[in-house]
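Letter by letter, the chains look like this.
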Amino acid sequence: MLIQVKAAALNPKDILIRKGKFKIATGSKFPMRTGHDLAGIIVDSNDSKTYKNGDEVYGMINGWKARTCAEFISISEMEIYHKPSNLSFEDAAGIPLAGQTALQAIRDLCKLKTNQKILINGASGGVGTLAIQISKVLKGHVTTVSSGRNLDFCQSFGADIMIDYSKIKITDLDEKFDVFFDVFGNYSFPKVKHLLTKKGIYISTVPSSKIILEQLKNPFRKKKAKLVVVKSKSADLKWFKEKIEANMIKPVTDKIFSLEEIRDAQTYIETKRAKGKIIIKIDV
């Protein structure tokens, strides 16, 4: 289908692509397009039985070849869903990649259960803020790790315990967790496995040879290391739509840039100080 993009979102993934870190997946020819998230309006439904022209939708392009920072894109209907009715295009665009990353990690890979303890490292960013909310929807007990200035921010999304990484060394904690969700990507499984319960799970969002090797060892141990590889699914976007419209989950938008300001947006996301999502507003 052809969609008129009203807003797109940037993610750390876009920075990696721009820097050529994953040429094996993206190809090596530059300049290279960026942007995986989008919210917009269908202008050509291509005879879809589910969508019609004029429908407001949101979603994410799968894979590593991004292109949503544009006025129009073509996309499979399997990668989108109807936009939450109570969100602007800008707020909706910030949900798909970050939200589905957190949901597929917490609900699907580790199957978080009621009262289980999850530690979220890097909790104040786009994935982290949604991970807190998803964990609370699933009735988990949430400990967040962030800078001191973001402790109240994390608590506002339902965090039970907030840790300032500048004051407390995470690896020295006495507490055990059922899940260690390393959103920020600065702790390896070997460094934190002592913090896991007997059948605890470590989950990383950052692809690397180390985490792939750790996954290969999983059949031989009770504690597991996993990498979440997000995939856009209509069913998961529907899940978010229902929870957002029920006011159980809310998006977190830090800053909105115009398409002409995309260089500034990329520079800002590289500071790693964003509180929530960085959005590109696209006027056609």
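This section reports on the structure supplied with the text. (Residues numbered from 1 in each chain as written. Predicted model: local features only at pLDDT ≥ 70, side-chain atom pairs only at ≥ 80, totals over all residues. Heavy atoms only, no water.)

## Here we look at the pairing of strand E11 (residues 224-227)
And then number 1: A one-sided burial pattern is seen for E11, the buried positions being Ala 225 and Leu 227 and the unburied ones Lys 224 and Lys 226.
And then number 2: With 4 bridges joining them, strand E10 (residues 196-204) and E11 adopt parallel strand pairing. Bridging across to E11, Tyr 202 finds its partner in Ala 225. (Buried < 20%, exposed > 50% of the residue type's maximum accessible area, 1.4 Å probe, protein only. Helix = DSSP H or I, 4+ residues; strand = E, 2+ residues; numbered from the N terminus. Pairing = 2+ DSSP bridges.)

## Overview of the nonpolar core
And then number 1: Membership of the largest hydrophobic core comes to 68 residues, with the highest contact counts inside it found for Ile 106, Ile 134, Phe 181 and Phe 240.
And then number 2: In contact with Phe 181, not counting residues within four places along its chain, are Ala 102, Ala 105, Ile 106, Ile 118, Leu 119, Ile 120, Asn 121, Val 127, Ala 131, Ile 203 and Thr 205.
And then number 3: With 16 residues, the next largest nonpolar core counts Phe 180, Tyr 187, Leu 195 and Tyr 202 among its residues. (Core = buried A, V, L, I, M, F, W, Y, C linked by side-chain atoms within 4.5 Å. Contact = heavy atoms within 4.5 Å.)

## Digging into the side chain of Gln 266
And then number 1: By the element assignment, Gln 266 lies in helix H10 (residues 262-269).
And then number 2: Exposure remark for Gln 266: the relative accessible area of 6% places this residue in the buried category.
And then number 3: Excluding residues that lie within four positions of it along the chain, Gln 266 makes contacts with Leu 10, Asp 14, Ile 15, Arg 18 and Thr 34.

## With respect to the pattern of salt bridges
And then number 1: Following the criterion strictly, the structure yields 10 salt bridges and no others.
And then number 2: The salt bridge partner of Glu 214 is Arg 221, with a shortest N-O separation of 3.0 Å.
And then number 3: You can call Glu 214 buried: its relative accessible area is 11%.
And then number 4: Members of the salt-bridge network, linked through shared partners, are Arg 18, Lys 19 and Glu 270. (Salt bridge = Lys/Arg side-chain N within 4 Å of Asp/Glu carboxyl O.)

## Some thoughts on helix H4 (residues 96-109)
And then number 1: The element H4 is extensively covered by neighbouring structure, given that 11 of its 14 residues are classed as buried.
And then number 2: Every buried residue of H4 is accounted for by Pro 96, Leu 97, Ala 98, Gly 99, Gln 100, Thr 101, Ala 102, Leu 103, Gln 104, Ala 105 and Ile 106.
And then number 3: One or two residues past the end of H4 sits Lys 111, with phi positive at roughly 50 degrees.

## Considering the packing of aromatic side chains
And then number 1: In this structure the tally under the stated criterion is 6 aromatic pairs.
And then number 2: With centroids separated by 5.1 Å and ring planes inclined at 85 degrees, the aromatic side chains of Trp 239 and Phe 240 adopt a geometry described as edge-to-face.
And then number 3: Since its relative accessible area comes to 13%, Trp 239 is described here as buried.
And then number 4: The class for Phe 240 is buried, based on a relative accessible area of 0%.
And then number 5: Ring pairing ties together the aromatic residues Phe 180, Tyr 187, Phe 189 and Tyr 202, which thus form one cluster.
And then number 6: It is Lys 255 that lies over the ring of Tyr 268; its NZ or CZ is 4.2 Å from the centre.
And then number 7: Sitting above the plane of the Phe 153 ring, Lys 275 keeps its charged end 4.6 Å from the centroid. (Phe/Tyr/Trp six-rings, centres within 6.5 Å; stacked < 30°, edge-to-face > 60°. Lys NZ or Arg CZ within 6 Å of the ring centre and 35° of its normal.)

## Examining the packing of H4 against helix H9 (residues 234-245)
And then number 1: Axis separation between H4 and H9 bottoms out at 10 Å; the angle between their running directions is 100 degrees. Relative to H9, H4 is oriented roughly perpendicular. Within the contact between the two elements, H4 uses Pro 96, Gly 99, Gln 100, Leu 103, Gln 104 and Arg 107 and H9 uses Asp 236, Leu 237, Trp 239 and Phe 240.
And then number 2: Broken down by class, the residue content of the contact of H4 with H9 amounts to 5 nonpolar, 3 polar and 2 charged. (Axes fitted to C-alpha atoms, helices over the stretch in contact; angles between N-to-C directions. Parallel < 35°, antiparallel > 145°, perpendicular 65-115°, else oblique. Nonpolar A, V, L, I, M, F, W, Y, C, P; charged D, E, K, R; others polar.)

## With respect to the environment of Thr 267
And then number 1: With respect to the secondary-structure elements, Thr 267 resides in helix H10.
And then number 2: Residues Thr 267 and Ser 28, spaced 239 residues apart in sequence, show a C-alpha to C-alpha distance of 22 Å.

## Quick notes on H10
And then number 1: Buried within H10 we find Ala 265, Gln 266, Tyr 268 and Ile 269. For H10, the angular spread of the buried residues around the axis is 160 degrees, confining them to a single face.
And then number 2: Residues of H10 that are buried in the fold lie against strand E1 (2-10), helix H1 (12-18), strand E12 (253-258) and strand E13 (277-281). (Arc of directions from axis to C-beta.)

## What to know about the sheet that holds strand E6 (residues 117-121)
And then number 1: Taking strand neighbours across the sheet as the criterion, the 6 strands line up as E8-E7-E6-E9-E10-E11 in an open arrangement whose pairing is parallel. The open sheet terminates on both sides in strands that have one partner only, identified here as strand E8 (161-164) and E11. Across this sheet, the average inter-strand angle for adjacent strands is 15 degrees, counted without regard to direction.
And then number 2: The strands touched by helix H5 (residues 126-137) within the sheet are E6, strand E7 (141-146) and strand E9 (177-182), with E6 carrying the most contacts at an inclination of about 170 degrees.

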